[in-house]
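Residue strings, one per chain:
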Amino acid sequence: MLQRNIETIEKAAFAFRGKDTILRKDGKPLTMNDLTVLRESTGGGEIWSEPETGITWLLAGNNPLPDEYTAEPVRLYACNYDMDEERYGQLFRAKGMASWTNDTRHCARCGARLEPHAELSALVCSECGKIVFPGIEPCVIVLVRKGDRMLLARHNQRNNDMYACIAGFMETGETAEQAVKRELMEETGIKVKNIQYFGTQSWPFPSQLMLAFTAEWESGEPQPQDGELADVGWFLPGECPNTPKPGSIAYRMIQSFQKQI
Ligand SMILES: [Zn+2]
């Protein structure tokens, strides 16, 4: 079930703006009063809640925050604090739901207004009854090994201060393993073998599911291919430049590789 404009918070309330979460400067959890203040002061959207998970969320508007609040990137907030698994799950679910409820307003079939579904965590078309669930976009991310080195790349646009694993969206009709091979060839020009499943991570920026793999280098010298990468190369774990932070599956893969060699 999804609800709008409820009056009490069951478990946890979150406010977001872009990739940031909005926090009270005094460190206390957000209350319904905070959400109302933030909504009115920033020109935000509606306040939504999901009774099954007990989470409530607001997507704030772009007007300045009142003095009592501050904004911090969700991915840094998630890794900088000692957050238990339940809270981490609530934060990431709320982040994904906030983007989805903001971006999904009309039926793709008939164009009528979507409304919260009375039983499911979904929206339903007010005219034709089509039910719309939150979408998830699968992506692959891969750590490639060549002996005691690993392949890391720096992007031109996103996170351009960091060396990270190669990642990309899956295409329709593709297996995850095919996506791994295609992304590596398109972005770096190398071939890999022995692709092994590593794990998954929800990455709601806005709606990705990261499917993580390791692979072994087979052939080719890595070179930026398509203008997306600024630099790519082989790195020993000890000589890594700035790499992904704790809280990301890329971090876990790099840590796991370091322990193996
Ligand atoms: Zn419809």
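A brief report on the enclosed structure follows. As the structure is a prediction and not an experimental result, all values here were calculated from the model. (Residues numbered from 1 in each chain as written. Predicted model: local features only at pLDDT ≥ 70, side-chain atom pairs only at ≥ 80, totals over all residues. Heavy atoms only, no water.)

Within the open sheet, the three strands sit side by side as 7-8-9. Their pairing is antiparallel. Bordering the open sheet on either side are strand 7 (114-116) and strand 9 (131-132), each of which pairs with just one other strand. Where strand 8 (residues 123-125) lies against strand 9, two bridges are found, and the strand directions are antiparallel. Pairing of Leu123 across the sheet is with Val132, part of strand 9. (Pairing = 2+ DSSP bridges. Helix = DSSP H or I, 4+ residues; strand = E, 2+ residues; numbered from the N terminus.)

Our focus in this paragraph is the coordination of the zinc ion. Within the first shell, the zinc ion binds the protein through Cys107 (SG), Cys110 (SG), Cys125 (SG) and Cys128 (SG), at distances of 2.3 to 2.4 Å. Taken together, the four donor atoms coordinating the zinc ion span angles of 98 to 120° at the metal, a pattern that classifies the geometry as tetrahedral. One chain supplies every donor for the zinc ion, spaced along it as C-x2-C-x14-C-x2-C. Taken together, the positions of Cys107 in the loop between helix 3 (85-103) and strand 7 and Cys125 in strand 8 put the pair 18 residues apart, joining distant regions of the chain. Here Cys125 falls in the buried class, since its relative accessible area comes to 5%. (Donors = N, O, S within 2.8 Å, 3.2 Å for Na, K, Ca; no water. Tetrahedral: all angles 85-135°; square planar, octahedral: opposite > 155°, others 65-115°. Buried < 20%, exposed > 50% of the residue type's maximum accessible area, 1.4 Å probe, protein only.)

Right, let's get into the sheet that holds strand 2 (residues 12-17). Pairing is mixed in the open sheet, where six strands are placed in the order 1-4-5-2-3-6. Each having just a single partner strand, strand 1 (3-4) and strand 6 (69-73) make up the two edges of the open sheet. Pairing of strand 2 with strand 3 (residues 20-24) involves two bridges; the strand directions are antiparallel. If you follow Arg17 over to strand 3, its bridge partner there is Asp20. Against the sheet, helix 3 contacts strand 2, strand 4 (47-50) and strand 5 (55-59), and its axis sits at roughly 50° relative to strand 2. (Contact = heavy atoms within 4.5 Å. Axes fitted to C-alpha atoms, helices over the stretch in contact; angles between N-to-C directions.)

Turning to unusual backbone geometry, a few remarks are in order. Following Phe205, the chain continues into Pro206 via a peptide bond in cis, with omega recorded as 10°. Structurally, Pro206 can be placed in the loop between strand 14 (191-203) and strand 15 (208-219). For Asn194, which is not glycine, the phi dihedral falls at a positive 50°. Considering the arrangement of structural elements, one finds Asn194 in strand 14. When its relative accessible area of 41% is taken as the criterion, Asn194 is described as partly exposed.

A full pass over the atoms with the stated rule returns seven aromatic pairs. Judged by centre distance (6.2 Å) and plane angle (75°), the ring pair of Tyr197 and Phe213 falls under edge-to-face. Of this pair, Tyr197 sits in strand 14 while Phe213 sits in strand 15, placing them 16 residues apart in sequence. For Phe213, a relative accessible area of 5% translates into the label buried. A network of ring pairs unites the aromatic residues Tyr88, Phe92, Trp203 and Phe205 as a single cluster. (Phe/Tyr/Trp six-rings, centres within 6.5 Å; stacked < 30°, edge-to-face > 60°.)

The turn linking strand 2 back onto strand 3 is made up of two residues, and Gly18 within it adopts a positive phi angle of 60°. Strand direction decides the pairing type here: strand 3 and strand 6, joined by five bridges, are antiparallel. Across the sheet, residue Asp20 finds its bridge partner in strand 6, namely Pro73.

Turning next to the environment of Gly45. If you trace the backbone, Gly45 turns up in the loop between helix 1 (32-42) and strand 4. When the C-alpha positions of Gly45 and Pro206 are compared, they lie 17 Å apart, and in sequence the two are 161 residues distant. If sequence neighbours within four positions are ignored, Gly45 has contacts with Arg39, Leu58 and Leu59.

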